[in-house]
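Below, each chain spelled out in residue letters.
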Amino acid sequence: MTSDRFFRWVPPVFLALLLSALSIDGRSLWTDEIGTWELTQAPGWQAWAKAFWGHYNSDGQLPLYHLYMFGWVQLFGDSEWLLRAANLPWLILAFVALNELGRLFRAQTWMLGVAACSAFLVYYLNDARPYIMYLAGSSMLTLGMFRLGMSMAPKSLAEKQVTAVDQSLRECLLGSVVLIGGNILGVFWILSCLLACLLAKPRMLSALLRSMWRQRALTVLGVGLCLALIAVAVHSHLAGARASQNAAFSMGGLVYGLLELLGAVGIGPSRNDLRVNVRTADPTQLILMFGVALLAGLALLRAFLTAPSKSWRVPMIVGVAAPLVVMVLMGLTLHWRVVGRHLSAMLPLILLGLALFFRAALPGGSGQLWRIVAALLLLGLLASAVSMRVSARHMKDDYRLAAEWARVALGKGQTVLWIADQRALAYYRLTRERSARGLDVPAGLIPYTTYPSVSSRIPRPDVVLLSPREGVDPEGLARPVLLSGDYVLHDRAASFERYKKRDLKE
């Protein structure tokens, strides 16, 4: 590594470390994070591979991420904070790629600035899920594609052009492996990049093919890894593993996903409030959220229309639109919910557009109106990111508190019906052995799947702990208990409710 490149990497690495320190905490795991933890509990590598090969849900289609998390837990541990800290290496890779992408347009300072103010990043950085890895892959792939396109400039020297094309291939290969490793949906974004080149810039494809021949060993390695990851995902899908279909596709969910990517949802209502009933959400929060999103949309439109190179417009439209259309069609046909994290491969383009807008607007070269828009947008993005981090309404499922409620009730000799993610019983040590498979729970604790077998003996448990989230007890094995009229709501927590029998004596 040259000294020039080393010093170029210092700001993005430092900013990634700082943002991680400010964003990651040890709050309770939520249901999806508990799923990540579950896959790290194999006693060894071979046991992990065997368990992963037969995994029952769509996590089985993410082999690279879960292999990485298994190794991370073996090295560092599995506390809430440590599970989320596994995002740090991927955030560093993402920021290095975003910084280099910004340099191509002489906007690296603004690029890092808008990335650090992204409520989307703040939220998913504090989540033990593969979305920061996904972002790292998409950032590296986007960098490679733009570098490849710029190397096609007619005035480029032949030697420099070859060097740039070869570098772009390395970036595209690394980005593709990491992107598919973060989410198998990354395949759609890779294909859309190739389609955009084919339709609008065929010279890029021919240059890329020549570079692949020059770097044959690296190409075989990168393409081979991608194909291996795809093969595991296909096996998992054919074996019946699916994403949750308890919440079907909706245009509202897709719109919220786009609001997430624009960085506006931090000052809006919580996900849970919107999921339950948008009509009961705080109207002020809704207005602020849509206001910031509108400003961000205007900024992106202006950056798009005033970009110095008009030849990028068609490729960018194709590259973004094609995967969106595919995902919408999949959502409609498979009753699968498309959310913001599935669309986050387009986040590097959004950040680039915002960076170019701020670079042009704030120094004073775009007129008073655009300076005002830029100032308001910058304040809105920053407020959204801060609110996403500190506001209680953006808390996720509080399984730690629910586990403590259960532990207290059991200590009093009461029976507890657990209508929530049953894997959390092991993580929060309500089973006899934390890493054991199955539900080896103490007497008095009743997971909802076992309730039918004990309902004749314990028709009315003393305490019911309910997670109203979709996908919990979808067959109604235990929920009808709460319809008896024997219970009163005693406490609420993030995505949790605690009910007690009316005649329960403490």
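Residues numbered from 1 in each chain as written. Predicted model: local features only at pLDDT ≥ 70, side-chain atom pairs only at ≥ 80, totals over all residues. Heavy atoms only, no water.

### Section: the environment of Met-204
Working step 1: The topology assignment puts Met-204 in helix 12 (residues 202–214).
Working step 2: Met-204 sits in the buried class, given a relative accessible area of 3%.
Working step 3: Sequence separation between Met-204 and Gly-149 is 55 residues; the distance between their C-alpha atoms is 6.3 Å.
Working step 4: The residues contacting Met-204, other than those within four sequence positions of it, are Met-145, Leu-148, Gly-149, Met-152 and Cys-197. (Helix = DSSP H or I, 4+ residues; strand = E, 2+ residues; numbered from the N terminus. Buried < 20%, exposed > 50% of the residue type's maximum accessible area, 1.4 Å probe, protein only. Contact = heavy atoms within 4.5 Å.)

### Looking at the packing of aromatic side chains
Working step 1: What the rule picks out here adds up to 18 aromatic pairs.
Working step 2: Seen in terms of ring centroids, Tyr-68 and Trp-72 are 6.0 Å apart; in terms of plane orientation they differ by 45 degrees. Their pairing is tilted. Taken together, the residues Tyr-68 and Trp-72, both in helix 4 (residues 63–76) and 4 residues apart, mark about one turn of the helix.
Working step 3: Classification of Trp-72 as buried rests on a relative accessible area of 13%.
Working step 4: Each residue in the set Trp-45, Trp-48, Phe-52 and Phe-70 is aromatic and connected to the rest through ring pairs, giving one cluster. (Phe/Tyr/Trp six-rings, centres within 6.5 Å; stacked < 30°, edge-to-face > 60°.)

### Overview of a nonpolar patch on the surface
Working step 1: Taken together, Phe-14, Leu-18 and Leu-22 make up a surface patch of nonpolar side chains, about 310 Å² in accessible area.
Working step 2: Tracing the sequence through the fold places Phe-14 in helix 1 (residues 3–23).
Working step 3: What makes Phe-14 exposed here is its relative accessible area of 54%. (Patch = residues over 30% accessible without salt bridge, like charges linked within 9 Å, V, L, I, M, F, W, Y side chains within 5 Å. Areas by Shrake-Rupley, 256 points an atom, 1.4 Å probe, with all protein chains shown as cover. Salt bridge = Lys/Arg side-chain N within 4 Å of Asp/Glu carboxyl O.)

### A short note on unusual backbone geometry
Working step 1: The phi angle at Asp-473 is positive, at roughly 50 degrees, despite the residue not being glycine.
Working step 2: Positive phi, normally seen in glycine, also occurs at Ser-495, with a value near 60 degrees.
Working step 3: With respect to the element layout, Ser-495 can be found in the loop between strand 4 (487–493) and strand 5 (496–501).
Working step 4: Given the relative accessible area of 12%, Ser-495 is considered buried.

### Some words on the confidence of the model for the protein chain
Working step 1: In this model, the protein chain carries an average pLDDT of 88, and 92% of its residues clear a pLDDT of 70 or more.
Working step 2: When mean pLDDT is compared element by element in the protein chain, helix 5 (residues 80–85) scores highest at 97, while helix 15 (residues 271–276) scores lowest at 77. (pLDDT = per-residue confidence, 0-100.)

### A word on the side chain of Ser-270
Working step 1: For Ser-270, the position within the fold is in the loop between helix 14 (251–261) and helix 15.
Working step 2: Residues contacting Ser-270, with those up to four places away along its chain left out, are Arg-393 and His-394.

### Things to note about the pattern of salt bridges
Working step 1: Counted according to the given criterion, the structure contains 20 salt bridges.
Working step 2: Close ionic contact of Arg-147 with Glu-171 constitutes a salt bridge, the shortest N to O distance being 3.0 Å. On the criterion of sequence distance, the pair formed by Arg-147 in helix 9 (residues 131–150) and Glu-171 in helix 10 (residues 158–182) is long-range, its members being 24 residues apart.
Working step 3: Assessed through its relative accessible area of 8%, Glu-171 is described here as buried.
Working step 4: Residues Glu-260 and Arg-271 are paired through a salt bridge, measuring 2.0 Å at the closest nitrogen-oxygen approach. With Glu-260 in helix 14 and Arg-271 in helix 15, this residue pair connects regions lying 11 residues apart in the sequence.

### Concerning the pairing of strand 5
Working step 1: Within strand 5, 6 of the 6 residues are buried, which leaves it mostly tucked inside the rest of the structure.
Working step 2: Alternating positions in strand 5 separate into two faces, Phe-496, Arg-498 and Lys-500 on one and Glu-497, Tyr-499 and Lys-501 on the other, with burial throughout.
Working step 3: Looking at chain direction, strand 3 (residues 463–466) and strand 5 are connected through 4 bridges and run antiparallel. Bridged to Val-463 within strand 5 is Lys-500.
Working step 4: Bridge count for strand 4 against strand 5 is 6 bridges, and the pairing is antiparallel. Bridged to Asp-491 within strand 5 is Arg-498. (Pairing = 2+ DSSP bridges.)

### As for the sheet that holds strand 4
Working step 1: An order of 2-1-3-5-4 is seen for the 5 strands of this open sheet, with the pairing classed as mixed. Lying at the two open borders of the sheet, with one neighbouring strand each, are strand 2 (445–447) and strand 4. Shown here is a sheet whose adjacent strand axes are inclined to one another by a mean of 20 degrees, direction ignored. (Axes fitted to C-alpha atoms, helices over the stretch in contact; angles between N-to-C directions.)

### Some thoughts on the state of the cysteines
Working step 1: Using the criterion set out here, one finds 0 disulfides in the structure.
Working step 2: Cysteine Cys-197 is unpaired, with the sulfur of Cys-193 as its nearest cysteine sulfur at 6.9 Å.
Working step 3: When its relative accessible area of 4% is taken as the criterion, Cys-197 is described as buried.
Working step 4: Sulfur of Cys-226: no disulfide; nearest cysteine sulfur belongs to Cys-172 and is 11 Å away.
Working step 5: In this structure Cys-226 comes out as buried when scored by relative accessible area, which is 11%. (Disulfide = S-S within 2.5 Å.)

### Notes on the packing of helix 11 (residues 186–200) against helix 12
Working step 1: Between helix 11 and helix 12, the least distance of the axes is 5 Å, while the angle of their chain directions is 120 degrees. Taken together, the axes of helix 11 and helix 12 are oblique relative to one another. Here Leu-194, Cys-197, Leu-198 and Ala-200 of helix 11 lie close against helix 12, whose contacting residues are Pro-202, Met-204 and Leu-205.
Working step 2: Within the contact of helix 11 with helix 12, the residues separate by chemical class into 7 nonpolar, no polar and no charged. (Parallel < 35°, antiparallel > 145°, perpendicular 65-115°, else oblique. Nonpolar A, V, L, I, M, F, W, Y, C, P; charged D, E, K, R; others polar.)

### Examining the environment of Trp-110
Working step 1: When you line up the elements, Trp-110 lands in helix 7 (residues 108–116).
Working step 2: Here Trp-110 falls in the partly exposed class, since its relative accessible area comes to 26%.
Working step 3: When the C-alpha atoms of Trp-110 and Pro-323 are compared, they prove to be 27 Å apart, with 213 residues separating the residues in sequence.
Working step 4: Residues within four places of Trp-110 in sequence aside, it is in contact with Ala-355, Phe-358, Arg-359, Leu-362 and Leu-378.

### Structural notes on helix 19 (residues 368–390)
Working step 1: Here helix 19 is 23 residues long and its end C-alpha atoms lie 33 Å apart, about the 33 Å a rise of 1.5 Å per residue gives.
Working step 2: Listing the buried residues of helix 19 in full gives Val-373, Ala-374, Leu-377, Gly-380, Leu-381, Ser-384, Ala-385, Ser-387 and Met-388. (Expected span 1.5 Å × (residues − 1).)

### Digging into the nonpolar core
Working step 1: Grouped together as the largest cluster of nonpolar side chains are 133 residues, with contacts concentrated most on Phe-95, Leu-354, Phe-357, Leu-377 and Trp-418.
Working step 2: Looking at this core, the element that brings in the most residues is helix 9, giving 12 residues.
Working step 3: In contact with Leu-377, not counting residues within four places along its chain, are Val-292, Leu-295, Ala-296, Ala-299, Leu-354, Phe-357 and Phe-358.
Working step 4: Core analysis: the next-biggest nonpolar cluster, separate from the first, contains 14 residues, Leu-417, Tyr-451, Val-464 and Val-481 among them. (Core = buried A, V, L, I, M, F, W, Y, C linked by side-chain atoms within 4.5 Å.)

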